[in-house]
Structures are given as structure tokens and as C-alpha cells.
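# Working through the structure, step by step
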Amino acid sequence: MLTQLNATKESERKIPWVMFVLLTVAFFIALHDPVRSHSIGDDYLPSEEKLQRDASDGNAKRQIGFLMVGGFGAIMLIMPGRRPLQMNGILAGLMLFFGIWMLMSILWADERGLTARRLVVIATLASGALGVALRMNPREIMLLVLFSSMAYLVAGIISEIALGSFMPTVERYRFAGTIHPTNQGVNCSLVILAAITAFQTEKKWRGLYVACAGFAMVFLLLTKSRTSLLSFLITLALYLVLVYAGSPRFMFSCCVAATVGFTTLLFTNGSIMPALQKGILLGRTDQDIDGAMALTGRLPLWEQLIEYAAARPIQGYGYGSFFTVEHIREITARQGWPIAECHNVFLEVLMGLGLVGMCTYALIQVVGYWGSISYFRATRDPRYAFLGSLLMLGVVGGLTESTLLVPTMQTFVQFLTLSVFGLQAMPDVMRAKAEAVDTGKFSAPKVHAKHGRIVRFPAGTT
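Residues numbered from 1 in each chain as written. Predicted model: local features only at pLDDT ≥ 70, side-chain atom pairs only at ≥ 80, totals over all residues. Heavy atoms only, no water.

### Let's talk about the overall build of the protein
Quick reminder of the rule: Counting from the N terminus, the helices are the DSSP runs of H or I reaching at least four residues and the strands are the DSSP runs of E reaching at least two. Buried means the residue's accessible area, taken with a 1.4 Å probe over protein chains only, is under 20% of the maximum for its type, while exposed means over 50%, and partly exposed covers the values in between. Contacts between residues were defined by any pair of non-hydrogen atoms, one from each residue, lying within 4.5 Å. Only the protein chains shown count as cover for residues, with accessible areas throughout obtained via the Shrake-Rupley method and a probe of 1.4 Å.
Helices and strands together make up the secondary structure of the protein, namely 20 helices and 2 strands. Counting the 462 residues in the protein, one finds 48% classified as buried. Nonlocal contacts in the protein, meaning residues at least 24 apart in sequence, comprise 78% of its contacts between residues at least 6 apart. About 22,200 Å² of surface is accessible on the protein, with carbon and sulfur atoms providing 68% of the total.

### Notes on the nonpolar core
One recurring pattern in soluble globular proteins: nonpolar side chains tend to sit buried together. Convention followed: In this text, buried Ala, Val, Leu, Ile, Met, Phe, Trp, Tyr and Cys residues form a nonpolar core when linked through side-chain atoms within 4.5 Å.
The biggest cluster of nonpolar side chains holds 93 residues, and the ones touching the most others in it are Phe27, Val132, Leu153, Phe386, Leu387, Phe412 and Leu416. Of all hydrophobic cores here, the second largest spans 16 residues; its members include Leu305, Phe323, Cys342 and Leu350.

### A look at the side chain of threonine 379
Note the cut-off: Throughout this description, a polar contact denotes any pair of N or O atoms lying within 3.5 Å of each other; where both atoms belong to protein, one of them has to be capable of donating a hydrogen while the other can accept it, and for residues adjacent in sequence the pair is counted only when both atoms sit in side chains.
Mapped onto the elements of the fold, threonine 379 is located in helix 17 (residues 345-379). According to the relative accessible area criterion, threonine 379 is buried, its value standing at 10%. Among the polar contacts made by the side chain of threonine 379, one reaches the main-chain carbonyl oxygen of tyrosine 375 at a distance of 2.7 Å.

### Examining the packing of aromatic side chains
Applicable threshold: Stacked, edge-to-face and tilted labels apply to pairs of Phe, Tyr and Trp rings (six-membered ring for Trp) whose centres lie within 6.5 Å, assigned for plane angles under 30 degrees, over 60, and everything in between, in that order.
In total, this model carries 20 aromatic pairs according to the counting rule given. A centroid spacing of 5.0 Å and a plane angle of 55° characterise the contact between phenylalanine 215 and phenylalanine 219, whose relative ring orientation is tilted. Here phenylalanine 215 pairs with phenylalanine 219, and both are found in helix 10 (residues 206-222), just 4 residues apart, close to one helical turn. Centroid distance phenylalanine 322 to phenylalanine 323: 4.9 Å. Interplanar angle 80°. Geometry classified as edge-to-face. The exposure class of phenylalanine 322 is buried, given its relative accessible area of 3%.

### Some details on the confidence of the model for the protein
For clarity, the cut-off: Per-residue confidence from the predictor is reported as pLDDT, which spans 0 to 100.
Per-chain confidence: the protein averages 81 in pLDDT, with 75% of residues scoring 70 or above. Counted against residues more than four places away or in other chains, residues 288-294, with its pLDDT under 50, gives 13 contacts.

### Focus: a nonpolar patch on the surface
We apply this condition: Patches here: salt-bridge-free residues with over 30% relative accessible area, like charges joined within 9 Å, nonpolar side chains (Val, Leu, Ile, Met, Phe, Trp, Tyr) joined within 5 Å. We count a salt bridge whenever a side-chain nitrogen from Lys or Arg sits within 4 Å of a carboxyl oxygen from Asp or Glu.
Side chains of Met87, Leu96, Ile100, Met104 and Leu107 sit close together on the surface and give an oily, nonpolar patch of about 490 Å² of accessible area. Within the secondary structure layout, leucine 96 lies in helix 6 (residues 89-104).

### Some details on unusual backbone geometry
The phi dihedral of tryptophan 205 falls on the positive side, at around 60°, and the residue is not glycine. In this fold, tryptophan 205 is placed in the loop between helix 9 (181-201) and helix 10. Overall, tryptophan 205 belongs to the exposed group, its relative accessible area being 62%. Even without being a glycine, lysine 224 presents a positive backbone phi close to 55°. Looking at the secondary structure, you find lysine 224 in the loop between helix 10 and helix 11 (226-244).

### Digging into the side chain of threonine 197
Relative to the helices and strands, threonine 197 is located in helix 9. Residue threonine 197 is classed as buried on the basis of its relative accessible area, which comes to 0%. Within polar-contact distance, the side chain of threonine 197 engages the backbone oxygen of leucine 193 at 2.8 Å. If sequence neighbours within four positions are ignored, threonine 197 has contacts with Met142, Tyr239, Pro382, Arg383 and Phe386.

### Let's talk about the packing of helix 15 (residues 298-311) against helix 17
The geometry of a pair of packed helices is captured by two quantities: the angle between their axes and the separation between those axes. Spelled out, the test is: Axes here refer to lines fitted to C-alpha atoms; in helices the fit is confined to the stretch in contact. Angles between the N-to-C directions go from 0 to 180 degrees. Each angle gets one of four labels, with under 35 degrees taken as roughly parallel, over 145 as roughly antiparallel, 65 to 115 as roughly perpendicular, and the rest as oblique. For a crossing to be left-handed, the near helix must be turned anticlockwise from the far one by less than a right angle; the clockwise case is right-handed. Charged residues are taken to be Asp, Glu, Lys and Arg, nonpolar residues to be Ala, Val, Leu, Ile, Met, Phe, Trp, Tyr, Cys and Pro, and polar residues to be all remaining types, Gly included.
The geometry of helix 15 relative to helix 17 is characterised by a closest axis approach of 10 Å and an angle of 25° between their N-to-C directions. Accordingly, the angle class assigned to the pair helix 15 and helix 17 is roughly parallel. Our pair here, helix 15 against helix 17, has a crossing hand that is left-handed. Packed against helix 15, whose contacting residues are Trp302, Leu305, Ile306, Tyr308 and Ala309, the element helix 17 presents Leu347, Leu350 and Met351 at the interface. A breakdown of the residues in the contact of helix 15 with helix 17 according to their chemical character gives 8 nonpolar, no polar and no charged.

### Overview of the pattern of salt bridges
Tallying each qualifying case throughout the model produces 5 salt bridges. Here arginine 383 ties to glutamate 202 by a salt bridge, and the two come within 3.7 Å at their closest N and O atoms. Here arginine 383, found in helix 18 (residues 382-398), pairs with glutamate 202, found in the loop between helix 9 and helix 10; they are 181 residues apart in sequence, far enough to count as distant. Accessibility classification places arginine 383 together with glutamate 202 in one group, the buried group. A salt bridge links arginine 334 to glutamate 307, with the shortest nitrogen-to-oxygen separation between them at 3.4 Å. A residue pair is termed long-range when its members are at least 10 positions apart, and arginine 334 in helix 16 (residues 325-335) and glutamate 307 in helix 15 qualify at 27 residues. Using a relative accessible area of 52% as the deciding quantity, one classes arginine 334 as exposed. Salt bridges sharing common partners tie together Arg139, Glu202, Asp381 and Arg383.

### Comments concerning the packing of helix 15 against helix 16
Two numbers describe how helix 15 lies on helix 16: the axes approach to 11 Å, and their chain directions differ by 140°. The angle between the axes of helix 15 and helix 16 places the two elements in the oblique class. Our pair here, helix 15 against helix 16, has a crossing hand that is right-handed. Taken together, the residues of helix 16 that come into contact with helix 15 (itself represented by Pro300, Leu301, Gln304, Leu305, Glu307 and Tyr308) are His327, Glu330, Ile331, Arg334 and Gln335. Here the contact of helix 15 with helix 16 is built from residues that sort into 5 nonpolar, 3 polar and 3 charged.

Structure below.
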């Protein structure tokens, strides 16, 4: 009953549209380029010169946008009326240690100026995420993600149409909009996940949420980003299993789908392989199936980066300090394509912060996701499962992309989710559950009067 009353109060709160718009504009300034689809090359890769220039001089536009996010978060923290700040167990401790380790890495960084700039960016994102987390409830966070991501998708469509670069029937076309196609794929994934959750939890405009999810799915496929699509499908599957695990209808549907899939494979024999290979390539003609299986050149890249990591296994090269101009030149020359990131978030953390940082980062993700499961089971609110899916999308996508050192809206929502579970005061039902566990843990054993043996009674009994 208490959970239902709290959910009703949250749904009646006025949506903070001003906060939505300010954050959306700030990230658009930092990360989006209205003429991106016109200026991008046929291979959708930045030039080596641009990567070196960004590494040495930074990007003023990005710095302005991220400072806006950080400033907004700082204002939200200072203004009265926010939720209490609370250190929630091991997750808060891991986040604090990780932040300190990142700051300490400037002491051993090869390029301290580069590390300092990256630390400022990550600090602004963290500040913004914490400020928003202490002001918004899960419903408002869900609507913020839906609003911002949908705005970026629409802006990208308008941009391509205005520039004449929206040509979905062209062979090598990939929908980019105002960002890289891979990032646009993540953006579309955020729209779909938020829209599905809104459809489940909102009482009004449910048809609109279905339309948003279907619309974003079309453009996710048009990005032809295999990593984004696979990450989304895995994340969606985990979300549905968590939310509908107790539903007989859902379990029956899963069994039917699995049966149909295995039956199709059994009776089509080898005739399905060409179609399967075509599906893996998503219609892209810039590489063959062997290139896709090699993760578009990532495997050779990772092998080379491991050689560099072995030289500094414990502390790494300093946060964001590995891809100096010199390293960009060396790795680009050896791999044959412009490279300024590891294309794997765990390897990226390993290069910057060593094994200590990588293990801490992995633990943060595991504990954070488990927190989302615990909150959902206690409240039965799908919006907590949605927050967990934001983390999972970053983890799965991070296996092939550097989602930490390439600050994006996805990085921000990951920080936002971790702030909710690690640094925001718990909901009443979770607080009561935690207090009950603590009371039972520290209650003294009692001696059974009749038999004289020690018996652990439930807390509060005599």
C-alpha cells in the first residue's frame, strides 16, 4: 500500500520541463554537430588530424556544453528542496574510491594537461548527474531520457533532410544525424527503452509511447550499427525477463519463440546461412562476414593495446592520458585506420587506471545493476528496472565501445543511475527492508527456557 501511495504521488508531480530543456540543450552543444552527416567521410571515421588536434588542444564546443551541465548540477545541489545525500553501502564506497583513484592518476600521467582536461569533463558530468539525481524521481528520469533522446533523433532527421544526406536507399548509407551512427544507435536504444517503460507505467499517451518506440526502432536499424543493435537486444531481453519473470504468459511466449527458432534452424539446414550472414552485416557493404567476426578491426587493436597495458599494469597511463598524439600516430599507422580510443570500456579503464581502476569499475557496474534488481523487487516499479537497463546497455555496449572516456548522453545517464542507487536517500520500502535486515543481523541470540539451547528468534520478539 505504501509503495502504491508513493507511486501515485510521484505521478502527480509536475514534470520539470525547464530542467529537461536545459540539459538537452547543453548536451546538444557539447556532442552534436548539425552538419555532421554532410561532413562525415564515406567510412564514417574521423580523420587522424582531427583526433590529434582534439588530443592536443581539446574541443572548445564540448568544453562549453559540459561546463553547462556541471554548472547546472552544482546549482541543483546548492538550491534548497533537494533529496538528502546518503552513502548507500558498498556502491557509494566503490564510487568514492574510483573517483579518488582517477584524481590520483594525474600524478603518474604521461600528459598531465590532457588528464586534467578529461578529469574536468568527467567531474562536470558527475556533478550534473548527482544534482539531477537528487532532484528527480525515477519517473522524471525516464521521461528526461525519452525527451532528450527523442529530441536528438528528430534533430538528426531534420538535419539530414535539410542537407540532402538522408538517402536510406543508397548502398553505403548509415543514418547518423548529428552524431556518429554508432552513437545514434545508442540514442535510438535509449528512446525505445524509455518508451517501453513509459507505456508500462504511464496512464496517458500510451499510444504515443508505442509510436515513439517503433519510430526509433526503424532508425536504429538505419544506423546499421551492429554493436548498438546487439547491445539493445540483450538489454531489452534482460529488462523483460526481470519485469515479467513471474508472468506465465511471458514465459509461454518465450518458449514458443524459442521453439519456432530452433525448428526453423532444423528444417532450413544450410539455406538460412546466407540470410543470417546478411543479417549480421545489416546490409553494410564496407566489409565481409570475416570483418564482422573480427569486430571491425577491434581484435587486432585490442591485441596491440594489451602490449602497452603490460608496461603499466597496476596504475595505467593516467586517466585519459594514454591516447597522446604520439600514441595515436603509432597505433593508427599499425592498424591502418584512425584510432583515439580502445573501443572497449574495460580496456579503456585498464589503459588509464590500471588493474585497480578496471576491477573497481567492473564492481561498480555489478553492484549498481544488482541495486536496480533489489529496488525493483521491493517496489515492483518497472522504472527501477529501466534504470538498471541503462547500466546494462552501457556495460554490453562497452564491450566494443569506450563509453566512459567518450562522454555522451549515455555516460551521463549511467552516472545518473549510479547516483540514484549509491548516493540518493532510499525509498521508504527499501529503508524499512534495510533496517529490518540490520536489526535481525545484530539482535542478540536468546536461550530457550525449556531446552536450554540457543535459538535465534526474529527481531523484535521476546
